[in-house]
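Examination of the molecular architecture
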Amino acid sequence: MFPIDKFINRPTPFYYYDLALLRRTLDVIKETAAVNSAFSVHYAVKANANPLVLDQICRAGLGIDAVSGGEIERAIECGFAPDTIVFAGVGKNDNEINMALNAGIACFNVESLPELEVISDLAVKAGKVARIALRVNPNIDAHTHHYITTGLSENKFGISRELLMPVVRRAIELPGVEFMGLHFHIGSQLTDMEPYRMLCDTINQMQDEFEKEGIAIKSINVGGGLGIDYDNPDKNPISDFKGYFDTFNNGLKLREGQSVHFELGRSVVGQCGSLITRVLYVKKGLAKQFAIVDAGFTELIRPALYQAHHEIENISAAPGSPMETYDVVGPICESSDTFDKDVELPVTHRGDLLALRSAGAYGEIMASGYNCRRLPQSYAD
Ligand code: LLP
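For every chain, the first residue of the written sequence is number 1, and numbering continues from 1 along that sequence. Residue-level local features of this predicted model are given only where pLDDT is at least 70; pairs of side-chain atoms are given and counted only at 80 or more, and the full residue set underlies all totals for whole chains, interfaces and linings. For the side-chain quantities, the full set of heavy atoms in the structure was used; hydrogens and water were omitted.

Below, the discussion takes up the overall build of the protein chain. For helices the rule is a DSSP run of H or I covering at least 4 residues; for strands it is a run of E covering at least 2, with both sets numbered from the N terminus onward. A tally of regular secondary structure across the protein chain gives 11 helices and 17 strands. Restricting the calculation to C-alpha atoms gives the radius of gyration, and the globule rule supplies 2.2 Å times the number of residues raised to the power 0.38. Over its C-alpha trace the protein chain gives a radius of gyration of 22 Å, about what one expects of a compact globule, namely 21 Å for 381 residues. With a 1.4 Å probe rolled over the protein chains alone, any residue whose accessible area is under 20% of its type maximum counts as buried; one over 50% counts as exposed, and the rest are partly exposed. Classification of the 381 residues of the protein chain by burial places 56% in the buried group. Here, two residues are considered to be in contact whenever any of their heavy atoms come within 4.5 Å of each other. A sequence separation of at least 24 residues applies to 72% of the contacts in the protein chain between residues at least 6 apart. Per-residue accessibility takes into account occlusion by the displayed protein chains alone, with areas from the Shrake-Rupley method and a 1.4 Å probe. On the protein chain, roughly 16,500 Å² of surface is accessible, and the fraction owed to carbon and sulfur atoms is 51%. Once the 35 positive and 49 negative side-chain charges of the protein chain are each reduced to a mean point, those two points are 3 Å apart. Under this rule, positive means Lys or Arg and negative means Asp or Glu; His and the chain ends count for nothing. We put the charge of a Lys on NZ, of an Arg on CZ, of an Asp on CG and of a Glu on CD.

As structure tokens, then:
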């Protein structure tokens, strides 16, 4: 399935993107999100901002969820219309806010009262009115890795339900902002729909409360978080988008004219990307055999940072080669620079290419220059 002859002479490591799989994924997203005409999907560009990837997503008609001025600029450069961009993040600086105001983005997802006041001030100075949604911290446990759980009251994100109403009232009275509605995001890599059902219940309750107060909600943003199958990328290359959108379609009690926004990142791009790396040395230790490769956590930090599992394949090995066990490790001077331990691979030699699968999301974009390494190149086909 990899165009291996096109890989042979490329300098490694590099990211490879299977654009045909990305297009198939985008088709499924469009088909299944169409279950409700109020639904619109914003791609969370934090997952992957490679222009070749963004180009496909732009052509498919998705909007953008951005978390920095740089992401907004990248999205606009790649052809996304500013009025499809929503802008989240707990720490937006003044330059970013001004840039987003000037660009005319769709909505700011506001995470605190002081941020709300600054956006209103800057908008008034610019002679504009900023559309805003308030990010609610719904205190729902997404049961995912603690680093990527965001919707608990101990997390820094959003405003707790108990503290929300005064902020909504302030938003309604401030001159530089227009209150559009509520924003949520409970976490990432969710493979079970139950937390999303709980989120729908919370939103329904909150809508009732707001109605009693006579406050209209025009838009509801439910964030992202749909997971991918890291263990079986070939068997399940496309996430359960139908189950996901149906959960919201069945669970949310929408009012006339409301729009619902989704911010999907990982599930859009995760499976179309692989990190391709070359084996530098096979080293036999006392207890272990190491395949030392030329990529490290500088290119893919997920295993070191979240103990994440990525399937590893030797894509150079002849079919039917006998299997052996390796720890697949990188060249960085830290023990955490290990992609996986005790991996069964066909007998592996210096020069073989390995593919680290399901690396399209939070792979290339999280690369660093630690050890003065160059950022990875990419190749899309
Ligand atoms: N919306 C908001 C407000 C978010 O914070 C995130 C992700 C998303 C949407 C997109 O979530 P997704 O659909 O991709 O799950 N680097 C970590 C993941 C961090 C996710 C941060 N927020 C990883 O490699 O697993």
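For the rest of this paragraph, the subject is the site of the ligand. A cutoff of 4 Å decides nearness: a residue is near a molecule or strand if any of its heavy atoms lies inside that distance of it. For the ligand, the set of nearby residues contains 18 residues, the closest of which are Ser188, Glu263, Arg302, Tyr306 and Tyr362. Here the ligand has 580 Å² of accessible area as a free molecule, and 92% of this is covered by the chains. For the shell around the ligand, the elements supplying multiple residues, two or more each, are β10 (259-264) and α11 (302-306). Gly is put with the polar residues, along with every residue not named as nonpolar or charged; the nonpolar set is Ala, Val, Leu, Ile, Met, Phe, Trp, Tyr, Cys and Pro, and the charged set is Asp, Glu, Lys and Arg. Residue composition of the shell around the ligand, grouped by class: 6 nonpolar, 6 polar and 6 charged.

Locating Glu96 in the fold gives a position in helix α5 (residues 94-103). The rule for a salt bridge is simple: a side-chain nitrogen of Lys or Arg has to be within 4 Å of a carboxyl oxygen of Asp or Glu. Although Glu96 lies buried, it forms no salt bridge, and the closest oppositely charged side chain, Lys92, sits 8.2 Å away as judged by the N-O distance. Those residues in contact with Glu96 that sit more than four places away from it in its chain are Ser68, Gly69, Phe87 and Gly91.

Attention now goes to the nonpolar core. Membership of the largest hydrophobic core comes to 97 residues, with the highest contact counts inside it found for Phe108 and Ile132. Looking at this core, you find at least three residues from each of domain 1 (4-13 + 271-380) and domain 2 (19-269). Apart from the residues within four sequence positions on either side, Phe108 is in contact with Phe87, Lys92, Ile97, Ala100, Leu101, Ile119, Ala130, Arg131, Ile132 and Ala133. In this structure, Phe2, Tyr16, Ile276 and Ile315 belong to the second largest nonpolar core, which totals 9 residues. Residues belong to one nonpolar core when they are buried, are Ala, Val, Leu, Ile, Met, Phe, Trp, Tyr or Cys, and are joined through side-chain atoms within 4.5 Å. The start and end points of each domain follow an automatic or database-based domain assignment.

For the rest of this paragraph, the subject is the domain arrangement of the protein chain. Note on interface size: it is often stated as the accessible area lost on association of the parts. One can read the domain layout of the protein chain as domain 1 (4-13 + 271-380) and domain 2 (19-269). Relative to domain 2, the C-alpha centre of domain 1 lies at a distance of 33 Å. If you look at the interface, domain 1 gives 21 residues, while domain 2 gives 22 residues. What counts as buried area is the accessible surface, traced by a 1.4 Å probe, that two parts surrender upon association, with contributions from both included. Taken together, the two surfaces of domain 1 and domain 2 that pack against each other cover about 2,000 Å², and 56% of this comes from carbon and sulfur. For domain 1, the biggest contributors to the area lost against domain 2 are Gln271, Cys272 and Tyr362; these three give 34% of the whole. Where domain 1 packs against domain 2, one counts 1 salt bridge. Counted as a polar contact is a pair of N or O atoms within 3.5 Å, where, for protein atoms, one must be capable of donating a hydrogen and the other of accepting one, and residues adjacent in sequence contribute only when both atoms are in side chains. On the surface where domain 1 and domain 2 come into contact, there are 9 residue pairs in polar contact (both at pLDDT 80 or more). For the side of domain 1 that touches domain 2, the secondary-structure elements that each account for two or more residues are α11 and β17 (377-380). The element that contributes the greatest number of residues to the side of domain 1 that touches domain 2 is α11, accounting for 3 residues.

As a further point, take the packing of aromatic side chains. Within 6.5 Å between ring centres, the rings of Phe, Tyr and Trp (the latter by its six-membered ring) count as paired, and their orientation is classed by plane angle as stacked under 30 degrees, edge-to-face over 60, tilted in between. The full count for this structure, using the stated rule, is 18 aromatic pairs. With centroids separated by 6.3 Å and ring planes inclined at 85°, the aromatic side chains of Phe7 and Tyr379 adopt a geometry described as edge-to-face. Placement of Phe7 in helix α1 (residues 4-7) and of Tyr379 in strand β17 is noted, with a sequence separation of 372 residues between them. Aromatic pair Tyr244 and Phe248: ring centres 5.2 Å apart, planes at 70°, arrangement edge-to-face. One end of the pair, Tyr244, and the other, Phe248, are both in helix α9 (residues 241-251), 4 residues apart, so they sit about a helical turn from each other. Just as Tyr244 is buried, Phe248 falls in that class too. Over the ring of Phe14 we find Arg10, and its NZ or CZ is 5.7 Å from the ring centre. Both a distance and an angle decide whether a charge sits over a ring: NZ of Lys or CZ of Arg must be within 6 Å of the ring centre and within 35 degrees of the ring normal. Against the face of Phe87 rests Lys92, its NZ or CZ located 5.4 Å from the ring centre.

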